[in-house]
Each structure stands twice: as structure tokens, then as C-alpha cells.
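# Results of the structural survey
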Amino acid sequence: MHRLETHPTFVKNVQIGGQNKVVIQTMGTIPPKEKEKALEEIITCANAGAELFRMSVLDELDAKAFAFLSANSPIPLIADIHFDFKLAILAIENGASKIRINPGNIGSLDAINKIIETAKKYGVPIRIGVNSGSLKKKASLENPITANDLIKECAEMVKIFEDRQFHDIVLSLKGSNIMETIEAYRLASKTFPYPLHIGITEAGIKEVGLIRSAAGLSPLLLDGIGDTIRISLSESPVEEVKACKRLLHDLNLYDNYPTFISCPTCGRTEVNLIPMAHRVSDFLETIHKPIKVAIMGCIVNGPGEARGVHLGLAGGKKHWALFKDGKVIATLNEDEAFERLKKEIIDYKI
Ligand code: SF4
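Residues numbered from 1 in each chain as written. Predicted model: local features only at pLDDT ≥ 70, side-chain atom pairs only at ≥ 80, totals over all residues. Heavy atoms only, no water.

This part takes up the overall build of the chain. Summing up its helical and strand segments, the chain has twelve helices and 15 strands in all. For the chain, the C-alpha atoms occupy an extent of roughly 75 × 50 × 35 Å along the three principal directions. Classification of the 350 residues of the chain by burial places 53% in the buried group. Here the contacts in the chain between residues at least 6 apart in sequence split such that 62% fall between residues at least 24 apart. Surface summary for the chain: the accessible area is close to 16,000 Å², and the carbon and sulfur share equals 54%. In the chain, 43 positive and 43 negative side-chain charges are present, and the distance between their average locations comes to 2 Å. (Helix = DSSP H or I, 4+ residues; strand = E, 2+ residues; numbered from the N terminus. Buried < 20%, exposed > 50% of the residue type's maximum accessible area, 1.4 Å probe, protein only. Contact = heavy atoms within 4.5 Å. Areas by Shrake-Rupley, 256 points an atom, 1.4 Å probe, with all protein chains shown as cover. Lys, Arg positive; Asp, Glu negative; His and termini not counted. Charge placed at Lys NZ, Arg CZ, Asp CG, Glu CD.)

This is how it looks when you write it as C-alpha cells:
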């Protein structure tokens, strides 16, 4: 899929923008100052597929912890700063590879200037996050915040950075609802040459947030908009990373990832399909090849409905038929089926 061309920006060795790829990021739940625990969370997320990891910086201890964390993290770290420009400077000096600020709450122009100077000195990009809740314009029922308001304020911020010859910028926009956010990103992609960080913040618990994020982000991704992505969920950050991978994969924007399908079950199902589907889906998270696997409830329609997959199981009377490239190669009981499928998945040559 063709991505809209944006100015490439480097977060240490990770490129955002200017390429046909959407970089996956998530945000930690452990304060940076709890160094060992925080590092564990970073490593878990990196192993799950996160390419960037953002952390809230609330005080000096958090900012200084970036020295330890950046030296030990397998992926670049982003410091998320609100209100106190000194923390942004301290985080950069201690090894943060990117910072995220909302200039609307950072304060004076002088404070923003000081951040820019430090970022320039250390070669660190800055994400400017513009949020409908912290615009200069105050919304009312008669005069709500619009996508144009977000773009106008974003343009004022961008000008401050450009006037200081600072172009290592990533932009994000948060409207008060999904439609406004989509419109704002579409306008931003036409207005600014800079990479866009896309996400629907405050998306909700997993069941709600996944749908809301897919609803909000898919139209943008299909338009070629979005250079880095976070799917916010009231869940562990690993779930956010998995969600990013799945969404990007379904839109042909993430390679070497398995495709998994399972049937919705019906009156013909005579096996414990749902637990089997979960086991297989969890196992496939550990596989890095574009294999297609199906778990179907019946042998009558299963393999036919799962046409095009490499491997699959179709349920019969308390047993499973294992099919490979459309042909049944074994009949297995409940206990054997999962282990045998696992082996076939590992051995399958794409
Ligand atoms: S594959 Fe079989 S069990 Fe599953 S929904 Fe289709 S007909 Fe029903």
C-alpha cells in the first residue's frame, strides 16, 4: 500500500516517515524511576514487536532514570512531558531518544525555545501533540472545537519550531471524538510535511478500544496516513502492541505475521472450538512468518470455508481433522490436535 510521503525523522535508529512502513509504539505503565521493573516491561514489549516505547516523566528521578533505561533498552525510548520544560531538558540530557510535549501546557515561548535548543544539540526529535482539551480556543456548545481549530493551533506550534530551523517533528492531533480526529489527521496530512503519529486516545477497555481504534485508524491508514501508531487500551502495553500488529497486518502494512481465522461456530460444531481457537491464536503470536491457519467447527464446511489457508483443524465428532494445503492429513483427538498443529506450523515452509 502506498504511504503518503513525509519528512523522515530518526528516533535513534528507528525511522519515522518517508517510508512504506508504520512504526509500532506503546506506552509503559511503570514509572521510569522503578528502573528494573520498567526495563522488564520495555523488554517484554520489544519482544512482542514494539519498536518505540514511551514513558511518562513526572519528576527529576524519572528523567534521570533514562540514563539507565536507554543504555539497557533494546528499543529507543520516548519521554512524555507535561507542564515542566526542565524535565524535558533533563530527560534529553539523560538519553531520551525522542520527547513528546503538548506545547499548549508547556508554558512560555522561552520554555519551548529551551527545549528546542536542547533537542537540536542532542539530535532528538520532538512530537508535538495537539489536544482539543488544551487549545487556546475554549469550546462551548454553540462554538465547539473543530478539526480546523486543531490544525490552526498545530500550524502556530509548527511555525515556532520551523522559525528555529527545527524540523525533526512528529505531529499528533486529538479531537474530542473519532470523526473529528479523522478529519484533523486528513487535514494535517495535506497541510504539513511531517510524519504523523496516529492513535485514538482514551480508547477504552479492550473490547471497546479495539473496535474504536480500528474504526478511527483504518480510514487513515487506508488513505496512506500515519507513520507511527499506538493503539491505546485500558490493558497491558503488550496487548496494545499485539493490536497494532493485527490492525496493520489486516491492512497489508505488516509483514511476516500469521493470519488466523476461526469459524463463529454453529449447530454443527461438536468440538470445543473456542478454547482451541484461543490456544492456537496465542501460539501464533510467537510465529514470525506469513502462515495462514484456520480452526473450523466442522469437516463438512470447514476446509472449504477456510480455502486458501496453509494449515487448519476442522472439528468432527469429538475429534479434529488436520488439513494442510486443503487436504486432510490426519485425524486427531482433542489432546493430540493442538500439539500436532503446532509442529506443522513450525515445520511449514512458506
Ligand atoms: S465451519 Fe462448520 S461449524 Fe463452523 S460455522 Fe461453518 S458450518 Fe458451522
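What follows picks up the thread again.
Another point: helix α9 (residues 237-250). Between its terminal C-alpha atoms α9 stretches 20 Å, which fits the 20 Å expected from 14 residues at 1.5 Å a residue. The buried count for α9 comes to twelve of 14 residues, which makes it a mostly enclosed element. What α9 keeps buried is the set Pro 237, Val 238, Glu 239, Glu 240, Val 241, Lys 242, Ala 243, Cys 244, Lys 245, Leu 247, Leu 248 and His 249. On its buried face, α9 is in contact with β3 (23-27), α1 (35-48), α8 (206-222), β10 (228-229) and β11 (259-262). Positioned one or two residues after α9, Asn 252 has a phi angle of 60 degrees, which is positive. (Expected span 1.5 Å × (residues − 1).)

Let us now look at the site of the ligand. Around the ligand, the neighbouring residues are Cys 263, Pro 264, Thr 265, Cys 266, Arg 268, Thr 269, Gly 297, Cys 298, Asn 301 and Glu 305. Along the lines of polarity and charge, the residues of the shell around the ligand split into four nonpolar, four polar and two charged. (Near = heavy atom within 4 Å. Nonpolar A, V, L, I, M, F, W, Y, C, P; charged D, E, K, R; others polar.)

What follows concerns the packing of aromatic side chains. Throughout the structure, instances matching the rule amount to three aromatic pairs. When the ring of Tyr 254 is compared with that of Tyr 257, the centres are 5.7 Å apart and the planes differ by 80 degrees; the resulting orientation is edge-to-face. For Tyr 254, a relative accessible area of 21% corresponds to the partly exposed category. Given the relative accessible area of 6%, Tyr 257 is considered buried. Residues Phe 283 and Phe 338 carry aromatic rings whose centres are separated by 6.5 Å and whose planes lie at 85 degrees to one another, so their mutual orientation is edge-to-face. Here Phe 283 is found in helix α10 (residues 273-284), whereas its partner Phe 338 is found in helix α12 (residues 334-347), with 55 residues between them in sequence. Each member of the pair, Phe 283 together with Phe 338, is buried. (Phe/Tyr/Trp six-rings, centres within 6.5 Å; stacked < 30°, edge-to-face > 60°.)

Here we come to a nonpolar patch on the surface. A contiguous nonpolar patch, built from Ile 299, Val 300 and Val 328 and spanning about 280 Å² of accessible area, is present on the exposed surface. Along the chain, Val 328 falls in strand β15 (residues 327-333). Judged by relative accessible area, which is 49%, Val 328 ranks as partly exposed. (Patch = residues over 30% accessible without salt bridge, like charges linked within 9 Å, V, L, I, M, F, W, Y side chains within 5 Å. Salt bridge = Lys/Arg side-chain N within 4 Å of Asp/Glu carboxyl O.)

Moving on, we get to α1. In this model α1 runs 20 Å from its N-terminal to its C-terminal C-alpha over 14 residues, within 8% of the 20 Å that 1.5 Å per residue would give. Looking only at α1, the buried set comprises Ala 38, Leu 39, Glu 41, Ile 42, Cys 45, Ala 46 and Ala 48. Those residues of α1 that are buried are in contact with β3, β4 (52-56), α2 (60-72), β5 (77-81) and α9. Of the residues trailing α1, Gly 49 is marked for its positive phi of about 125 degrees.

This brings us to the pairing of β5. Here is the key point about a regular strand: its side chains alternate between the two faces of the sheet. The buried fraction of β5 is high, at five of five residues. Of the two faces of β5, the one holding Leu 77, Ala 79 and Ile 81 and the one holding Ile 78 and Asp 80 are both buried throughout. Here four bridges tie β4 to β5, and the two strands are oriented parallel to one another. When the sheet's bridge partners are listed, Met 55 is paired in β5 with Ala 79. In this view, the connection linking β4 to its parallel neighbour β5 by way of α2 has right-handed handedness. Of the pairings in the sheet, the one linking β5 to strand β6 (residues 98-101) comprises four bridges and is parallel in character. Each bridged residue has a counterpart across the sheet, and for Asp 80 the counterpart in β6 is Arg 100. Crossover connection from β5 via helix α3 (residues 85-93) to parallel β6: handedness right-handed. (Pairing = 2+ DSSP bridges. Right-handed = clockwise from strand over helix to strand, strands pointing away.)

Bringing the nonpolar core into the picture now. Considering soluble globular proteins, one finds that nonpolar side chains tend to be buried as a cluster. Membership of the largest hydrophobic core comes to 79 residues, with the highest contact counts inside it found for Phe 161, Leu 221 and Ile 229. Take this core: its biggest share by element is eight residues, from helix α6 (residues 147-163). With sequence-adjacent residues up to four places away left out, Phe 161 is seen in contact with Ile 101, Ile 112, Ile 116, Ile 126, Ile 128, Phe 166 and Ile 169. (Core = buried A, V, L, I, M, F, W, Y, C linked by side-chain atoms within 4.5 Å.)

For the rest of this paragraph, the subject is the pattern of salt bridges. This model, assessed by the stated rule, comprises 21 salt bridges. Between Lys 21 and Glu 51 there is a salt bridge, and its shortest N-O distance comes to 2.5 Å. Of the two residues, Lys 21 is situated in the loop between β2 (14-16) and β3 and Glu 51 in the loop between α1 and β4; the sequence distance between them amounts to 30 residues. The salt bridge partner of Asp 347 is Lys 343, with a shortest N-O separation of 2.7 Å. Taken together, the residues Asp 347 and Lys 343, both in helix α12 and four residues apart, mark about one turn of the helix. Taken together, the salt bridges that share partners define one network made up of Lys 33, Asp 59 and Asp 62.

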